[in-house]
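Survey of secondary and tertiary structure
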Amino acid sequence: MKIVVLDGHTLNPGDLSWCGLSELADEGEFICYERTAESELLSRAQDAEIIFTNKTPLNAQVLSQLPKLTYIGVLATGTNVVDLVAAASHGVVVTNVPSYAPDAVAQMVFAHIFHHTQGVASHHQAVVQGAWSQCPDFCFTLNPLQSLKGKTIGLMGYGAIGQQVANIALAFGMKVLVNTRTPLLDLPTGAIWSELSEMLPQVDILSLHCPLTLETDKIVNRALLKSMRKTAILVNTARGGLIDEVALSQALADGDIAAAGLDVLSTEPPLDNNPLLNAINISITPHNSWATLEARQNLLNIAVNNLAAFLAGKADNQVN
C-alpha cells in the first residue's frame, strides 16, 4: 500500500509524529510532503491507494487519472477541496475530521474579545514605550476597559464550537442569545433562542458559527451591520465568506460597530487589496484558531482512526 500526504505542514510542522499513518502502510510506502503545487500533484499522487489532503484540491480531472486510488482522507472538517461526486463515481471513499477542536476555536473567540475589551497588546506596547514609567499615577488605561459580566453575546449557529462558546460566556456571567435555522428549546440555563432580527440590536458581541452556504454567503452585509449596536464587536472564526468585507470595512470606518475580530477571510492567504487589512479597530489572526498542539494531535488521531476503520471494512466519518 502507498499512502501519500499531499500537504502535511500546517497539521504537523514537526512537533507531531506521523507514525500512526506510516504504520498503516504496513510493508508499503508512506510519503509526506509539506506542500504540493498543482504541477506536482499527479506525479506525487500516482500509484497511491491512499491520499491525505488538507487544502490541496482533488477535482474530477485529477481523480480520473488516479486509477489505484481507493481512499481520500481530508485533514480538516470542510471537504470542498474534493469533488465528492467524482470520488464516489470512481469508488473512492472520502472521510473528514469533524469536531476535533471546538475548545481551541472557542478559546480564539475569546482571545479576540479580550483584545478589544482589555487591550492587552496596546497597553503592553504603551508600557514598553515608557508610558507607565512617565505616568504620574500608579496605573493608566488607554481606553475604558470592559467587563464581560452582564454583556450579551449572540451566536449565529450552534454546533460544537458555538456550544463551547456559550458555555464559556455563561461562566463569565454573560447573557447568551442563539440563532439557528430552526428554534432550539434544549439550551443551557441562561441561553435563549432568538430570531436574528430580534437578536442583532441586543448583542454586545456577535460571534459567527454557521456554515458557509448559498443562504449564508455574505450574510453579514451592510444592512445587518447597521442593525447592530454601535458599541458591538463582531467575531468570525467560521468562514470568511460569511462577511461582506467591503461592508465591514466601511462599517468600522463609519462607527456602525465598534470593532471586529477575525480568524478567517474570504481568500486565504488574503490578497494585498483586501479592505480589511487596512480597516480600523480590527484584529486578524491567520486562520489558526484550530491549530493548538492539542487540537492538531486530536485531528491526526482521528485521521488515523478513520483510515484504520476503512482498512477494517468500516466507514467512520465518510462524507461521500
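Our subject is the structure that appears above.
What to know about the overall build of the protein
Within the protein, the regular secondary structure consists of eleven helices and twelve strands. Principal-axis analysis of the C-alpha atoms places the extent of the protein at approximately 70 × 50 × 35 Å. Per-residue burial for the protein yields a buried fraction of 46% across its 320 residues. A fraction of 61% describes how many contacts in the protein between residues 6 or more apart in sequence connect residues 24 or more apart. Counting every atom, the protein has about 16000 Å² of accessible surface; 53% of that belongs to carbon and sulfur. The average position of the 17 basic charges and that of the 29 acidic charges among the side chains of the protein differ by 7 Å.

What about the packing of helix α5 (residues 102–117) against helix α7 (residues 160–171)?
Two elements in contact, α5 and α7, have axes separated by 8 Å at closest approach and are oriented at 55°. When the interaxial angle is binned, α5 and α7 end up oblique. Handedness of the α5/α7 crossing: right-handed. Contact with α5, carried on its side by Pro102, Asp103, Val105, Ala106, Val109 and Phe110, involves Ala160, Ile161, Gln164, Val165, Ile168 and Ala169 of α7 and no other residues of that element. The class makeup of the residues in the contact of α5 with α7 is ten nonpolar, one polar and one charged.

Here's the deal with the sheet that holds strand β11 (residues 259–262)
Strand pairing in a sheet relies on backbone hydrogen bonds, with the paired strands running either antiparallel or parallel. Spatially, β8-β7-β6-β9-β10-β11-β12 is the arrangement adopted by the seven strands of the open sheet, whose pairing is parallel. Of all strands in the sheet, those with a lone pairing partner are β8 (191–193) and β12 (282–284), marking the two edges. Mean inter-strand twist for the sheet, computed between neighbouring axes without regard to direction, equals 15°.

Some points on helix α10 (residues 245–254)
The set of residues buried in α10 consists of Glu245, Ala247, Leu248, Ser249, Ala251 and Leu252. As for α10, its buried residues are in contact with α9 (222–226), β10 (233–236), β11 and β12. Downstream of α10 by one or two residues, Gly255 has phi in the positive range, about 75°.

Topic: the side chain of Thr95
As for its position among the elements, Thr95 is in strand β5 (residues 93–95). In this structure Thr95 comes out as buried when scored by relative accessible area, which is 2%. Not counting residues within four places of it along the chain, the set of residues in contact with Thr95 comprises Tyr71, Ile72, Gly73, Val74, Asn306, Asp316, Asn317, Gln318 and Val319.

The rules we used
- Residues numbered from 1 in each chain as written.
- Predicted model: local features only at pLDDT ≥ 70, side-chain atom pairs only at ≥ 80, totals over all residues.
- Heavy atoms only, no water.
- Helix = DSSP H or I, 4+ residues; strand = E, 2+ residues; numbered from the N terminus.
- Buried < 20%, exposed > 50% of the residue type's maximum accessible area, 1.4 Å probe, protein only.
- Contact = heavy atoms within 4.5 Å.
- Areas by Shrake-Rupley, 256 points an atom, 1.4 Å probe, with all protein chains shown as cover.
- Lys, Arg positive; Asp, Glu negative; His and termini not counted.
- Charge placed at Lys NZ, Arg CZ, Asp CG, Glu CD.
- Axes fitted to C-alpha atoms, helices over the stretch in contact; angles between N-to-C directions.
- Parallel < 35°, antiparallel > 145°, perpendicular 65-115°, else oblique.
- Left-handed = near helix turned anticlockwise from the far one by under 90°.
- Nonpolar A, V, L, I, M, F, W, Y, C, P; charged D, E, K, R; others polar.
- Pairing = 2+ DSSP bridges.

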